[in-house]
Amino acid sequence: LLAEQERLLRLLPTQLTDPLWIPIIVATVVLGPLSGELFFRGMLYRMLRMRWEPPRATALTAVLYTFGGDPVAPFVPLIVLGIANTWLFEQTRSLLPGIVASGTLGLLGVVTIVLRNGLAFG
């Protein structure tokens with residue numbers, strides 16, 4: 001799994017000025033979180049919640065969210081995020097907190113990759 005993650009990370013641009021970073025950041029910080037929350041909490045969780053009690057629906061949604069998530073992110077943080085986003089949805093009845101949480105995690109991931117690889121402008 002780590003070898004696959006490293007292989008995927010090598011596909012990223014090596015300079016911060018590379019225009020490919022624009023769609024990467026948009027997909028990671030906006031589109032991925034938006035589509036993920038619309039599907040996993042907006043559709044799947046609501047469907048499961050009609051059939052099962054919240055803990056069971058939350059657990060299944062979080063596990064499926066993890067398998068459908070970022071291929072380079074570790075399993076545990078994604079499952080925690082899936083559970084947290086479901087809790088946020090239950091508390092607020094809004095997908096926005098989960099979108100913001102997922103987008104923040106995505107942004108932190110991009111920043112971590114940039115810092116770990118010592119990427120620079122120019």
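Residues numbered from 1 in each chain as written. Predicted model: local features only at pLDDT ≥ 70, side-chain atom pairs only at ≥ 80, totals over all residues. Heavy atoms only, no water.

A. Seen up close, the overall build of the chain. The helix and strand tally for the chain stands at five helices and zero strands. Reading the helices (α) and strands (β) of the chain from amino to carboxyl end gives α-α-α-α-α. Considering only C-alpha atoms, the chain reaches an extent of 55 × 30 × 15 Å along its principal axes. Classification of the 122 residues of the chain by burial places 30% in the buried group. When contacts within the chain are restricted to residue pairs at least 6 apart in sequence, those whose partners lie at least 24 apart make up 60%. For the chain, the accessible area works out to roughly 7,600 Å², and carbon and sulfur atoms hold 72% of it. Considering the chain, the positive charge centre built from 9 side chains and the negative charge centre built from 7 side chains are found 8 Å apart. (Helix = DSSP H or I, 4+ residues; strand = E, 2+ residues; numbered from the N terminus. Buried < 20%, exposed > 50% of the residue type's maximum accessible area, 1.4 Å probe, protein only. Contact = heavy atoms within 4.5 Å. Areas by Shrake-Rupley, 256 points an atom, 1.4 Å probe, with all protein chains shown as cover. Lys, Arg positive; Asp, Glu negative; His and termini not counted. Charge placed at Lys NZ, Arg CZ, Asp CG, Glu CD.)

B. Up close: helix H3 (residues 54-67). For H3, built from 14 residues, the straight-helix expectation of 20 Å at 1.5 Å per residue is met to within 8% by its first-to-last C-alpha distance of 20 Å. Residues of H3 that are buried include every one of Ala57, Thr58, Thr61, Ala62, Tyr65 and Thr66, and no others. Angularly, the buried residues of H3 cover 160° about the axis, an arc narrow enough to put them on a single face. In this structure, the buried side of H3 is in contact with helix H2 (21-51), helix H4 (75-92) and helix H5 (96-116). (Expected span 1.5 Å × (residues − 1). Arc of directions from axis to C-beta.)

C. View of the pattern of salt bridges. Under the criterion given, the structure shown has three salt bridges. The residue Arg41 makes a salt bridge to Glu37 at a minimum N-O spacing of 2.7 Å. Taken together, the positions of Arg41 and Glu37, both in helix H2 and four residues apart, correspond to about one turn of that helix. Judged by its relative accessible area of 0%, Arg41 falls in the buried class. Close ionic contact of Arg93 with Glu90 constitutes a salt bridge, the shortest N to O distance being 3.6 Å. Taking the relative accessible area as the measure of exposure, Arg93 reaches 52% and is therefore exposed. Overall, the relative accessible area of 23% leaves Glu90 in the partly exposed class. Among the ionic contacts, a cluster of salt bridges with common partners joins Arg49, Glu90 and Arg93. (Salt bridge = Lys/Arg side-chain N within 4 Å of Asp/Glu carboxyl O.)

D. Representation of the environment of Ser102. As for its placement among the helices and strands, Ser102 is situated in helix H5. You can call Ser102 buried: its relative accessible area is 8%. Along the chain, Ser102 and Leu81 lie 21 residues apart, while their C-alpha atoms are 7.4 Å from each other. Leaving out residues up to four positions away in the same chain, Ser102 has contacts with Pro33, Glu37, Tyr65, Leu81 and Asn85. For Ser102, the side chain forms a polar contact with the side chain of Asn85, separated by 3.0 Å. (Polar contact = N/O pair within 3.5 Å; in protein donor to acceptor, adjacent residues only side chain to side chain.)

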